[in-house]
Amino acid sequence: MKRFVKKLLLGKITSKDKPRLHINPIQKRILNIRAIWNNDHQDDNGIEKIFRLFLSISQLLFPGIYIKYFTSKRNFEYQDISMDLYILLKLLFPILILKNHWQEQNLLIIIMTYLLFETVLYIPTLIFASDMLSRPRSYKRSMMLLFLNYLEIVCAFAVFYTLGDNMNKPFVHWFDSIYFSIITSNSIGYGDYYPVTLFAKVLVSIQAMFFLSFLVLFLNFFSSKVKSKGYFDHESEL
């Protein structure tokens, strides 16, 4: 059974994808920050450079990069599995809050919000501040993880909508808030639920703008430009 699970999750463990010079994820991020600061790959300045520096530095404030660091000492497959589990746990966390009615637990809401910020900042970091990051080993896996990130954000906003009497009527089932979050992110709006407080209206506005503009931009970028020569072509430098 153990052999079956190992074969299922890890496949054929090889070292062919390892770079010649091993640099752990934290070192890569530091090199990335330096590359942006020194304008090694882009002659940006002003607010653009500040924004790119902020995005790159922000990844050092969240657990994801440290999980990559501790698992980078083994094969890349183990690092992939650890990140898969971490992303799945981030997705399940807001669902557990909704299902178990833990909205009154302020610490859980703070932790969920903290993890949500990691996801929200990670996606623009890939687009605007990855000057020294190597090409993904699997584009299909990257797109799958992006979809899980999308679901995490949907579920996290669903939790926010349940914090108080923010809607025209209370959510009857725990999934109702997820349903409202999904139709909000897609700007559908059936009218059965709608925000009545300023807090909820701000949330709806942020979520609608985020998914209509930014997520579409990322999907277009990742599915087309990322495969062209020039963006993730720095792996030879690592």
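The protein chain is annotated in an unreviewed UniProt entry as Voltage-gated potassium channel of Flavobacterium urocaniciphilum.

Focus: the UniProt feature "transmembrane region" (unreviewed entry) in the protein chain
Mapped onto this numbering, the UniProt entry gives "transmembrane region" (unreviewed entry) at residues 83-102, 108-130, 142-163 and 198-222. The distance separating the terminal C-alpha atoms of residues 108-130 is 31 Å; by composition the span is 91% helix and 0% strand. As annotated, residues 142-163 has a helix share of 91% and a strand share of 0%, and its two end C-alpha atoms lie 32 Å apart.

Regarding the nonpolar core
Within the largest apolar cluster, 33 residues are counted, with the highest numbers of intra-cluster contacts made by Met112, Phe160, Tyr161 and Phe180. Sorting the residues of this core by element identifies helix 5 (76-99), helix 6 (106-128), helix 7 (139-161), helix 8 (174-185) and helix 9 (198-224) as the ones contributing at least two each. Here this core takes 12 residues from helix 7, the largest share from any one element. Beyond its immediate sequence surroundings of up to four residues, tyrosine 161 is in contact with Asn166, Met167, Phe171, Phe180, Ser181, Thr184, Ala200, Leu203, Val204 and Gln207.

A closer look at a nonpolar patch on the surface
A surface patch of nonpolar side chains, amounting to about 380 Å² of accessible area, comprises Leu89, Leu92, Leu96 and Trp102. The topology assignment puts tryptophan 102 in the loop between helix 5 and helix 6.

A few points about the layout of surface pockets
When its volume is computed, the second largest pocket comes out at roughly 270 Å³. Taken together, 16 residues line the second largest pocket, and the ones lying closest to its centre are Tyr161, Thr162, Gly164, Pro170 and Phe171. For the lining of the second largest pocket, the per-class residue count stands at seven nonpolar, seven polar and two charged.

Description of helix 6
For an α-helix the count is 3.6 residues per turn, leaving residues at separations of three or four pointing the same way. The end-to-end C-alpha distance of helix 6, which contains 23 residues, comes to 33 Å, matching closely the 33 Å that a straight helix rising 1.5 Å per residue would cover. If you check which residues of helix 6 are buried, you get Ile109, Met112, Leu115, Leu116, Glu118, Thr119, Leu121, Ile123, Pro124, Thr125, Leu126 and Ile127.

What counts, and where the lines are drawn
Residues numbered from 1 in each chain as written. Predicted model: local features only at pLDDT ≥ 70, side-chain atom pairs only at ≥ 80, totals over all residues. Heavy atoms only, no water. UniProt positions renumbered as here; feature names shortened; annotations may be inferred. Helix = DSSP H or I, 4+ residues; strand = E, 2+ residues; numbered from the N terminus. Core = buried A, V, L, I, M, F, W, Y, C linked by side-chain atoms within 4.5 Å. Buried < 20%, exposed > 50% of the residue type's maximum accessible area, 1.4 Å probe, protein only. Contact = heavy atoms within 4.5 Å. Patch = residues over 30% accessible without salt bridge, like charges linked within 9 Å, V, L, I, M, F, W, Y side chains within 5 Å. Areas by Shrake-Rupley, 256 points an atom, 1.4 Å probe, with all protein chains shown as cover. Salt bridge = Lys/Arg side-chain N within 4 Å of Asp/Glu carboxyl O. 1 Å grid on protein atoms, 1.4 Å probe; cavity = no way out; pocket = protein on both sides within 12 Å on 5 of 7 lines; lining within 4 Å. Points joined across faces, edges and corners; volume = space filled by probe spheres on them. Nonpolar A, V, L, I, M, F, W, Y, C, P; charged D, E, K, R; others polar. Expected span 1.5 Å × (residues − 1).

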